[in-house]
Amino acid sequence: MTTATTTARQPYKLSPEASRVFLGLMLGMLVASISQTIVGPAMPRIVSELGGMDHYSWVATAALLVSAITVPIVGKFSDLYGRRGFYLAGLVVFMLGSLTAGLAQSFWVLVAARAIQGLGMGTVMPLSQTIIGDIIPPRQRGKYQGLMGAVFGVTSVAGPLAGGFITDHWGWRWLFFAGIPVGVVATGFIIKFLHLPHERREAKVDGYGIATLAVGLTAILLATSWGGTSYAWGSAVIIGLYVVGVVGLVAFVFAENRAEEPVIPLRLFRSRIFTAANLASFGLAMVMFGSIIYIPVFAQGVLGVDATNSGLILAPLMVGLIVMGILTGLLITRTGVYKPFMALGVVVMGAGIWLLTRLTFDSSQTQLTLAMVVLGVGIGMAMQQYTLVVQNAAAKRDLGVATASSQFFRNVGSTVGIAVFGTVLTSGLGGAIAAHLPAGVAASMPEGAASAGSVLDPAALSQLPPAVATAVRQGLADQLHEVFLIGLPIVALVLLATLAIKAIPLRDSTHEAPSAVEVAEEAGHELLDAMGSTSAEPDDVPDRPAVAPVGREPEPAVR
């Protein structure tokens, strides 16, 4: 019977209701992710109208902090109390934040509105991936997660372009209003079609864990974001924040060991699959977001690319990411094999970073484009698969918090990557520029002339003598070489972590999952042949409802 099922496998097809849910999830992800990129081009106009130039970065930082803290908490709560209510609440909160931001009459009201948006983003983005895990079996999930990953790539390019267009034609307030109708449509789809069966688990809320995580994470992310920019790394503010952060996270670990239902169950880290996948995701995010931030700096500062359509600079990278993300998802769905694609993707990503390190002052736009395409192809092959790996190894009761942990490590990795790359750039830029200045010119230069800000500001650059302007570009090219060079050892660590992931078969059902504890007990043991059907411990996996075989429309998990 099993042989017949295997040989007669039919193409998987989502039910009409599940297809509409998936569309609603993509719309929710679209409005949440585009809000991270659409505001950038309008910031000079916003601060000129509302003030707040000295606190410019808080518009982005507020959303980042609240989102990062929200992700693991909502993931856990969705496991306890169900996904639907939290996802709908996340959409409503996000739209409320958007409305408040569009109506803001002062800078700090805008910051508060961005924090509200961050709360919505931190709910919608991880739960979109979790709900996909609820309605689509891992064996078939690759192509759908590839499509979801493509949303990020599209918004990374379209966000800045749309932001510039909307700001120029309708005003910056419409940057926030424009997404509300899409959010309303997404809410309608979810209300009508998403009805996941869920057995509510009554448990004492891990308030101490939530509090210590919030304090520790906020302090560390603030220190990492401010270090080397707003404050020196050795300043009392940065050191104090790191001390508070470490104390908070140590207290969090103690809290999780004693909690009845911890926010992030530490037992999950006993799984080699869970730990290695999240470490790889962390490192990949460092390289990816560090590159996304500093490739435009090279394009504008060294090659002199016009910054008017800054969103187009990264288009080659995002095209590679989108195309290979979708193709890799389709191949994983067709073959059931994922680890070779992930490892190959990391190797290709390393080749892309290596090509970036080869760029010099004399490089062409074509060379930069080639490096971006290769980097995007590698990221597209690997990025979404870490979430798939984590979900495939997670017990159903842990699906929400396991998926949220993957998103959490990616968020923190992006912050750390941007900070590390930025520190490398700023710490040696002055010396790199000075090395290219003609003898005797440095002493006569205006204060602040030898800076990245000069080369990225056409007005400032035009005021510099030609010899100085050329030296600034050459110094920036030299220092960006050092920045991209940092990415190579990080990619090597990502590859090691990826190779450490134990490949287990992708499950053909949504409701059966191995226990994370069982997956952890791998030293000297092979996984049980019945993994996914009889190997999970009763304490880790609740009673399993019957699930339709692959090839048929599943019994309605959504209706």
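Residues numbered from 1 in each chain as written. Predicted model: local features only at pLDDT ≥ 70, side-chain atom pairs only at ≥ 80, totals over all residues. Heavy atoms only, no water.

## A word on the overall build of the protein
So, step 1. A tally of helices and strands in the protein yields 21 helices and zero strands.
So, step 2. Expressed as a percentage of the 559 residues in the protein, the buried residues total 55%.
So, step 3. Once local pairs closer than 6 in sequence are excluded, the contacts in the protein between residues at least 24 apart make up 82%.
So, step 4. Surface summary for the protein: the accessible area is close to 22800 Å², and the carbon and sulfur share equals 66%. (Helix = DSSP H or I, 4+ residues; strand = E, 2+ residues; numbered from the N terminus. Buried < 20%, exposed > 50% of the residue type's maximum accessible area, 1.4 Å probe, protein only. Contact = heavy atoms within 4.5 Å. Areas by Shrake-Rupley, 256 points an atom, 1.4 Å probe, with all protein chains shown as cover.)

## Description of the nonpolar core
So, step 1. Formed by 74 residues in total, the largest nonpolar core has its most connected members in Ile-295, Leu-356, Tyr-386 and Leu-480.
So, step 2. For this core, the secondary-structure elements that each account for two or more residues are α7 (138-169), α12 (272-301), α13 (315-335), α14 (339-357), α15 (365-382), α16 (385-393), α17 (399-434) and α20 (466-500).
So, step 3. No other element matches the 15 residues that α12 contributes to this core.
So, step 4. If we ignore the near neighbours within four places in the chain, the residues touching Tyr-386 are Ala-277, Ala-280, Ser-281, Leu-284, Met-342, Val-346, Ser-406, Val-494, Thr-498 and Ile-501.
So, step 5. If you look at the next biggest cluster of nonpolar residues, it comprises 31 residues, including Tyr-12, Leu-25, Val-31 and Leu-194. (Core = buried A, V, L, I, M, F, W, Y, C linked by side-chain atoms within 4.5 Å.)

## Considerations on the packing of aromatic side chains
Each pair of aromatic rings is reported with the distance of its centres and the angle of its planes.
So, step 1. In total, this model carries 14 aromatic pairs according to the counting rule given.
So, step 2. Between the aromatic rings of Phe-77 and Phe-86, the centroid separation amounts to 6.1 Å while the plane-to-plane angle is 40°, which identifies the pairing as tilted.
So, step 3. Relative to Phe-176, the ring of Trp-172 lies with its centre 6.3 Å away and its plane at 90°, an arrangement referred to as edge-to-face. Of the two residues, Trp-172 and Phe-176, both sit in the buried class.
So, step 4. Counting every residue linked through ring pairs, the aromatic cluster contains Phe-269, Phe-274, Phe-408 and Phe-409. (Phe/Tyr/Trp six-rings, centres within 6.5 Å; stacked < 30°, edge-to-face > 60°.)

## Details of the environment of Ile-136
So, step 1. Residue position: Ile-136 is located in the loop between α6 (107-135) and α7.
So, step 2. With 373 residues separating them in the primary sequence, Ile-136 and Ser-509 have C-alpha atoms 7.7 Å apart.

## Observations concerning the packing of helix α5 (residues 84-103) against α6
So, step 1. Direction vectors running N to C along α5 and α6 enclose 155°, while the axes themselves pass 7 Å from each other. Classified by the angle between their axes, α5 and α6 sit roughly antiparallel to one another. When the axes of α5 and α6 are compared, the crossing they make is left-handed.
So, step 2. Here the residues of the contact of α5 with α6 are counted per class, giving 15 nonpolar, eight polar and no charged. (Axes fitted to C-alpha atoms, helices over the stretch in contact; angles between N-to-C directions. Parallel < 35°, antiparallel > 145°, perpendicular 65-115°, else oblique. Left-handed = near helix turned anticlockwise from the far one by under 90°. Nonpolar A, V, L, I, M, F, W, Y, C, P; charged D, E, K, R; others polar.)

## With respect to the packing of α14 against α20
So, step 1. Contact pair α14 / α20: the axes reach a minimum separation of 8 Å and the direction vectors enclose 170°. Between α14 and α20, the angle is such that the two are roughly antiparallel. In contact with Lys-339, Met-342, Ala-343, Val-346, Val-347, Met-349, Gly-350, Ile-353, Trp-354, Leu-356 and Thr-357 of α14, α20 contributes His-481, Phe-484, Leu-485, Gly-487, Leu-488, Val-491, Val-494, Leu-495, Thr-498 and Leu-499.
So, step 2. Considered class by class, the residues forming the contact of α14 with α20 number 15 nonpolar, five polar and one charged.

## Re a nonpolar patch on the surface
So, step 1. A surface patch of nonpolar side chains, about 320 Å² in accessible area, is lined by Val-319, Val-323, Leu-327 and Leu-330.
So, step 2. Mapped onto the elements, Val-323 comes out in helix α13. (Patch = residues over 30% accessible without salt bridge, like charges linked within 9 Å, V, L, I, M, F, W, Y side chains within 5 Å. Salt bridge = Lys/Arg side-chain N within 4 Å of Asp/Glu carboxyl O.)

## Some thoughts on the confidence of the model for the protein
So, step 1. Looking at the protein, pLDDT values average 82 and 83% of them are 70 or higher.
So, step 2. When pLDDT is averaged over each element of the protein, α14 comes out on top at 96 and helix α1 (residues 2-7) at the bottom at 44.
So, step 3. Scored below 50 in pLDDT, residues 1-8 shows zero contacts in the model against residues more than four places distant or in partner chains.
So, step 4. Every residue in residues 513-559 is under pLDDT 50, and counting partners more than four places away or in other chains gives 101 contacts. (pLDDT = per-residue confidence, 0-100.)

## Brief notes about α14
So, step 1. Over its 19 residues, α14 runs 27 Å from end to end, which matches the ideal 27 Å to within 8%, given 1.5 Å per residue.
So, step 2. When we look at burial in α14, the residues that qualify are Phe-341, Met-342, Ala-343, Gly-345, Val-346, Met-349, Gly-350, Gly-352, Ile-353, Leu-356 and Thr-357.
So, step 3. Close packing links the buried residues of α14 with α12, α13, α15, α16 and α20. (Expected span 1.5 Å × (residues − 1).)

## Comments concerning the side chain of Thr-224
So, step 1. Looking at where Thr-224 falls in the secondary structure, it is placed in helix α10 (residues 207-226).
So, step 2. Of the residues examined, Thr-224 reaches a relative accessible area of 6% and is grouped as buried.
So, step 3. Polar side-chain contacts of Thr-224 include one of 3.0 Å to the side chain of Tyr-242.
So, step 4. Once residues within four sequence positions are removed from consideration, Thr-224 is found in contact with Trp-233, Tyr-242, Thr-415, Val-416 and Ala-419. (Polar contact = N/O pair within 3.5 Å; in protein donor to acceptor, adjacent residues only side chain to side chain.)

## Comments concerning the pattern of salt bridges
So, step 1. Tallied over the full model, the rule gives eight salt bridges.
So, step 2. With its nearest N and O atoms 2.8 Å apart, the salt bridge here joins Arg-83 to Asp-79. Take Arg-83 and Asp-79: they sit in the same class, and that class is buried.
So, step 3. With a closest N to O distance of 2.8 Å, Arg-267 and Asp-398 form a salt bridge. Here Arg-267 is found in the loop between α11 (236-258) and α12, whereas its partner Asp-398 is found in the loop between α16 and α17, with 131 residues between them in sequence.
So, step 4. The network of salt bridges with shared partners includes Asp-79, Arg-83, Asp-134 and Lys-396.

## Concerning α16
So, step 1. Of all nine residues in α16, nine are buried; the element is thus mostly enclosed.
So, step 2. Taken as a whole, α16 has its buried residues at Gln-385, Tyr-386, Thr-387, Leu-388, Val-389, Val-390, Gln-391, Asn-392 and Ala-393.

## A short note on the environment of Glu-199
So, step 1. Note on placement: Glu-199 falls in the loop between α9 (180-193) and α10.
So, step 2. Along the backbone, Glu-199 and Tyr-81 are 118 residues apart, and their C-alpha atoms lie at a distance of 7.7 Å.

## Re the environment of Phe-193
So, step 1. Within the secondary structure layout, Phe-193 lies in helix α9.
So, step 2. The spatial distance from the C-alpha of Phe-193 to the C-alpha of Ala-18 is 7.4 Å, given a sequence separation of 175 residues.

## Remarks on the side chain of Thr-387
So, step 1. One can find Thr-387 in helix α16.
So, step 2. For Thr-387, a relative accessible area of 4% gives the class buried.

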